[in-house]
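# Structural features, examined
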Protein chains: 4
Amino acid sequence: MTTKYGYADNKEQVLKRLSRAEGQVRGVARMVDEDKYCIDVLTQINAVQAALDKVALELLRDHARHCLANDEVHSHNSGDKADELIDAIGRMLSR
Amino acid sequence: MTTKYGYADNKEQVLKRLSRAEGQVRGVARMVDEDKYCIDVLTQINAVQAALDKVALELLRDHARHCLANDEVHSHNSGDKADELIDAIGRMLSR
Amino acid sequence: MTTKYGYADNKEQVLKRLSRAEGQVRGVARMVDEDKYCIDVLTQINAVQAALDKVALELLRDHARHCLANDEVHSHNSGDKADELIDAIGRMLSR
Amino acid sequence: MTTKYGYADNKEQVLKRLSRAEGQVRGVARMVDEDKYCIDVLTQINAVQAALDKVALELLRDHARHCLANDEVHSHNSGDKADELIDAIGRMLSR
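Thresholds applied
- Residues numbered from 1 in each chain as written.
- Chains lettered and ligands numbered in written order.
- Predicted model: local features only at pLDDT ≥ 70, side-chain atom pairs only at ≥ 80, totals over all residues.
- Heavy atoms only, no water.
- Buried < 20%, exposed > 50% of the residue type's maximum accessible area, 1.4 Å probe, protein only.
- Contact = heavy atoms within 4.5 Å.
- Buried area = accessible area lost by both parts, 1.4 Å probe.
- Salt bridge = Lys/Arg side-chain N within 4 Å of Asp/Glu carboxyl O.
- Polar contact = N/O pair within 3.5 Å; in protein donor to acceptor, adjacent residues only side chain to side chain.
- Helix = DSSP H or I, 4+ residues; strand = E, 2+ residues; numbered from the N terminus.
- Least-squares fit on C-alpha atoms with pLDDT ≥ 70 in both.
- Axes fitted to C-alpha atoms, helices over the stretch in contact; angles between N-to-C directions.
- Parallel < 35°, antiparallel > 145°, perpendicular 65-115°, else oblique.

## Quick look at unusual backbone geometry
One non-glycine residue, Asp35 of chain B, lies in the positive phi region at around 55 degrees. With relative accessibility at 30%, the residue Asp35 of chain B sits in the partly exposed group.

Below is the structure:
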């Protein structure tokens, strides 16, 4: 059996991180609702974004490992795959 | 009556944005759970991050307006307030 | 005599940092010219960017301190000044 | 004859971009020296950083294409190469 996607092995961990990030966003909303100090709210938003950055990098890592280890990618469309990867990174950088 | 916090006027809108961001994070988790293609998941994570950037900037804007318009801030601790603001921005930039 | 700009006091230091950043960019070009390993070149580009981030934050800090301490800004156009500041930050974040 | 580095084909263009970025940094220093308005200086710093981001992405793209197309990378150390690539991207994102 082949794993279809690069992140198959990390799926549980990625889902756990995302569920935590979801809770963090809810926490930010609670802070705003309770009129917490703006700078403290910003610090928490920052924490959510750092958590999402980590998920994104984890997915990218698995994807890159998968592409580099995969014979089919290797022989047939390495240029396309590289472009797709770098374009995704470009979007992350210039968000 | 004074508004205590800079974002008091935008509170409803900020809360709406955050609730949408929370839904987006849940959507990302669903994509991962359904083994969607890595690059598509990244695109969605990026959308959440862009939404959170917008909330953060909105809060910053209200905070800056508030500080600049506020007599007390102005006369007593303008240096501290400026530092606090810029340090928050620095953390956003070097997350 | 009034100092016209927020960064007047830090001018020497800002100029020194910029001159160092210029040298760093030249160093990156040298690495590329000598066919240095891509990942090492990226590390150096990152160092230049971090240096420029620091200059930008320093200028922002002086600007924010200046605006917050300035009577005229305070009374007449605090909203415009806050918007201008936050728009600049928004451009930095979404570069 | 093999090209040793991923960016060999783009070398001229990368060097041209870097030389332009160097000139831009010099331009920023001139603005500071002439006491130009802080927000305008920030806009120019931003332009340099966007230019350097472009160089970095170009190098990354060539590197990824090179790794994906290269038999040796493929068979021997795809995991290491992927990690190295993603770590470099992680440093760019969390600068």
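## Considerations on the interface of chain A and chain B
Taken together, the 42 residues of chain A in the interface contact 42 residues of chain B. For the chain A and chain B pair, buried surface summed over both sides reaches about 4000 Å², with 66% attributable to carbon and sulfur atoms. Three residues, Tyr7, Tyr37 and Arg95 of chain A, lead the burial of chain A against chain B; their summed loss comes to 15% of the area buried on that side. The interface formed by chain A and chain B includes 4 salt bridges. Residue Lys11 of chain A is joined to Asp35 of chain B by a salt bridge in which the shortest nitrogen-to-oxygen separation is 3.0 Å. Put simply, chain A and chain B have 15 residue pairs in polar contact (both at pLDDT 80 or more) between them. Looking at the side of chain A that touches chain B, the elements that each hand over two or more residues are helix H1 (11-33), helix H2 (38-69) and helix H4 (78-93) of chain A.

## Considerations on the environment of Ala88 of chain D
Looking at the element boundaries, Ala88 of chain D is found in helix H4 (residues 78-93). As a C-alpha pair, Ala88 of chain D and Leu60 of chain D span 28 residues in sequence and 9.0 Å in three-dimensional space.

## Regarding the relation of the copies chain A and chain B
Under the fitted operation, chain A is carried onto chain B by 0.0 Å of movement along the axis and a turn of 180 degrees, and the coordinates agree to an RMSD of 0.0 Å. In symmetry terms, the pair is related by a two-fold rotation axis. Closest approach to the rotation axis within chain A is made by the C-alpha atom of Glu22 of chain A, at a distance of 2.8 Å. Comparing interface residues between copies, 100% of those in chain A also sit at the interface in chain B, which points to an isologous, same-surface contact.

## Points about the pattern of salt bridges
One pass over the structure, following the stated rule, counts 32 salt bridges over all chains. A salt bridge links Glu34 of chain B to Lys36 of chain B; the shortest N-O distance between them is 3.6 Å. Residue Glu34 of chain B is classed as partly exposed on the basis of its relative accessible area, which comes to 47%. Assessed through its relative accessible area of 37%, Lys36 of chain B is described here as partly exposed. The shortest N-O distance in the salt bridge between Asp87 of chain C and Arg61 of chain B comes to 2.9 Å. In this pair, Asp87 of chain C sits in helix H4 (residues 78-93) while Arg61 of chain B sits in helix H2 (residues 38-69), so the two residues belong to two different chains.

## Description of the relation of the copies chain D and chain C
Put simply, the second copy of the chain is the first one after a rotation about an axis and a shift along it. If you rotate chain D by 180 degrees and push it 0.0 Å along the axis, it lands on chain C with an RMSD of 0.0 Å. Counting the interface residues of chain D, we find that 100% of their copies in chain C are interface residues as well, pointing to one common contact surface.

## Some words on the packing of H1 of chain A against helix H1 (residues 11-33) of chain B
Their axes nearest at 9 Å, the elements H1 of chain A and H1 of chain B cross at an angle of 170 degrees. One finds that H1 of chain A runs roughly antiparallel with respect to H1 of chain B. Every residue of H1 of chain B that contacts H1 of chain A at Lys11, Val14, Leu15, Leu18, Ala21, Glu22, Val25, Arg26, Val28, Ala29, Val32 and Asp33 of chain A is listed here: Lys11, Val14, Leu15, Leu18, Ala21, Glu22, Val25, Arg26, Val28, Ala29, Val32 and Asp33 of chain B.

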